[in-house]
Amino acid sequence: MKPPGKILLVTGKLAEPLVRKYGKGCDVFVTPVSVAAFLTPELIVRYLKKAGIRSEDYDLILIPGLVRGSAELIEDELGIPAFKGPRNAMDLPQTLKALSEGFKLSKELPADELFSFDALKRVEDIRNKTKNRRYIEKALKKPWNIMIGNLPAGRDFPARILGEVVDAPKLGTEKTVEKAIYYLREGADIIDIGMVAGETNLDFIEALPEIRERIKEGGFEVPISFDSLNTAEIEKALSYADLFLSVDEGNLERLVTQKPVVLIPTNQEGGFFPVKPAERVEFLEGLKEKALDLGYNTVIPDLILEHVPHLARSVTAFQLYRERNPEDILLAGVGNVVELYDADSVGMNALLAGIAKELSINLLLTTEVSAKARGSVRELRRAVDMNLFEMPKDLGFDLLILKEKRRTDWRFKPDGEVIEAKEKPVKLEPVYFRIWVEEGKLWVNAHRGTELILTIVGEEPNAIIDTVLEHFPVSPRHAFYLGRELERAYTALKLRRSYVQEVELFPGFY
């Protein structure tokens, strides 16, 4: 589809080949500036006027997304609508296609940034639709949708994420509430209270109403699920929670409730767990039938998602069960897979969420016990959002954190003499600095000898280094070192990694 009207693409000399390649069907105006990012709206106006560009020549001007300032000046001076294009020339086809479909570009924000905003708005629109009272009432008439507390769940709603607070009694009320609110801010829909295996903590269960109220005071009114293999604990919690996990053959007859329960294909008391997919499915189907006969109102089967090397057989069990029981609400614990695999969690959570979408698994349980699993709730939420669309690709938002969708060619032609860089010995200075990260901020201690003379705290490297230079006469080499380390610490903060001064953030895998 051709873009509407006649469009002029403005660029710098270095990007010209890429702009001509990806901006087919448009005229290209090459400014005498090498790098497009060095252009300003004022410079662009001057160059276009000098070239004799008039209002009747073009219907639209697209300037590079990296240009600082607003394109409005160009439109005011030339009388031609002007907007910011993408930061990368390779995104021009998507931009031109969007224009042809009526997408509105910005004079201030790069086009690729707008695509992200637009995609996330579409996600919010879908979610808001499923929050509509009439939509919920209609959906709940279908057998594959249920209510968990005040939250509808099922096939006609986005997958719901349960954030498990592991070993909650050990944490205590205060830390449990803190962890719960963290999960909810990250995107969880339900808070799962995980009890301590092998212990009985009945006193802690009496704190559940307080925990719920404290979470509500924090701005979240969400269901509470209860996760325990201890029958006495579950019995005591029946009055306090909205959903109960880990009901199996061993405790099924003692826990009859009208509230939703998650049924697993085990007998924990007898140490029984069928490993073959077909046997597991048949056993769970029998348990479900027995539970309904006993008077349970809502049963949510969980085939148990096992970690590698048993992941494939458990996915097979889920698939077989879904084929035989298309209307059931299902739950899967994805955290077990992520926690027991030494690989980055981002791609694993994305893939598991995709499998869940295919199999219509409606509830996803995860946790963030180990450092490598930190961020799993947010990652799952993004993956669930991506799966609201037919294909989780080219949406304008993604889960590409360490890798990139497209490579950017950013290089310059060497000119004159090329010399090899050589490091020189570093002279010790009277003041030295110790850098660390804490509570989402950068911290720097300034020392003179053994004396701590000043602490500086901030959220971004430039502010820290400017403050250092304001207080201490450091050499250019020392300032460069501080800037490098502060940027490394800042990167660690963004990626939720540990930071240790002068230690590389990433292993040399590649």
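Refer to the preceding data block for the structure.
Counting restarts for each chain: residues are numbered from 1 in the order of the written sequence. The predicted origin of the model limits local features to residues at a pLDDT of at least 70 and limits the giving and counting of side-chain atom pairs to 80 or more, whereas totals for whole chains, interfaces and linings rest on all residues. Each side-chain value is worked out from all heavy atoms of the structure, with water and hydrogens disregarded.

**Student:** I'd like a rundown of the sheet that holds strand E4 (residues 82-84), residues and numbers included.
**Tutor:** The strand order across the open sheet formed by four strands is E2-E1-E3-E4, and the pairing between neighbours is parallel. Either end of the sheet is taken by a strand with one partner, and the two such strands are strand E2 (27-30) and E4. Direction aside, the axes of adjacent strands within the sheet are offset by 25 degrees on average. Between any two strands, pairing holds if DSSP finds at least two bridges. Secondary structure elements follow DSSP: runs of H or I of four or more residues count as helices, runs of E of two or more count as strands, with numbering from the N terminus. Where strand E3 (residues 60-63) lies against E4, three bridges are found, and the strand directions are parallel. Its bridge partner being in E4, Leu62 is matched across the sheet by Phe83. Residues count as neighbours in contact if any of their non-hydrogen atoms are within 4.5 Å of one another. Lines are fitted to the C-alpha atoms to define the axes, a helix being fitted only along its stretch in contact, and any angle between axes, read from their N-to-C directions, falls within 0 to 180 degrees. This element, helix H2 (residues 41-50), spans strand E1 (7-11), E2 and E3 of the sheet and lies at about 120 degrees to E1.

**Student:** Tell me about the pairing of strand E7 (residues 160-165), and please be specific about residues and values.
**Tutor:** Three labels apply to residues, based on accessible area from a 1.4 Å probe with only protein chains included: buried if under 20% of the type maximum, exposed if over 50%, partly exposed otherwise in between. The element E7 is extensively covered by neighbouring structure, given that six of its six residues are classed as buried. Where burial is concerned, the two faces of E7 agree: the one with Arg160, Leu162 and Glu164 and the one with Ile161, Gly163 and Val165 are both buried. Of the strand pairs in this sheet, E7 and strand E14 (residues 363-366) are connected by four bridges, and their pairing is parallel. Bridging from a neighbouring strand, Leu162 pairs with Leu365 of E14. As paired elements, E7 and strand E8 (residues 190-194) share four bridges and run parallel to each other. Its bridge partner being in E8, Val165 is matched across the sheet by Ile193.

**Student:** Could you give an account of the packing of helix H14 (residues 345-358) against helix H15 (residues 376-386), naming the residues involved and the relevant values?
**Tutor:** Contact pair H14 / H15: the axes reach a minimum separation of 9 Å and the direction vectors enclose 45 degrees. On the basis of their axis angle, the class for H14 and H15 is oblique. Relative to H15, H14 is oriented so that their crossing is right-handed. For the pair H14 and H15, contact is made by Ser345, Val346, Asn349, Ala350 and Ala353 and by Ser376, Glu379, Leu380 and Ala383, respectively. Orientation labels follow simple angle bins: below 35 degrees gives roughly parallel, above 145 gives roughly antiparallel, 65 to 115 gives roughly perpendicular, and whatever is left gives oblique. What makes a crossing left-handed is the near helix being turned counterclockwise from the far one by less than a right angle; a clockwise turn instead makes it right-handed.

**Student:** So, the sheet that holds strand E15 (residues 431-438): which residues are in play, and what are the values?
**Tutor:** The sheet built from three strands is open, its strands ordered E15-E16-E17 with antiparallel pairing. The open sheet has two free edges, formed respectively by E15 and strand E17 (451-458), since each of these has just one partner strand. Geometrically, the sheet is characterised by an average inter-axis angle of 20 degrees between neighbouring strands, direction not taken into account. Of the strand pairs in this sheet, strand E16 (residues 441-448) and E17 are connected by seven bridges, and their pairing is antiparallel. Note that in E17 the partner of Leu442 across the bridge is Gly458. Sitting on the sheet, helix H16 (residues 461-471) is in contact with E15, E16 and E17, with an inclination near 145 degrees to E17. Taken strand by strand, helix H17 (residues 476-495) contacts E15 and E16, and its axis lies near 10 degrees from that of E15.

**Student:** Please provide a residue-by-residue account of H2, values included.
**Tutor:** Along H2, the residues that are buried comprise Pro41, Leu43, Ile44, Val45, Tyr47 and Leu48. The inward-facing, buried residues of H2 abut E1, E2, E3 and helix H3 (72-78).

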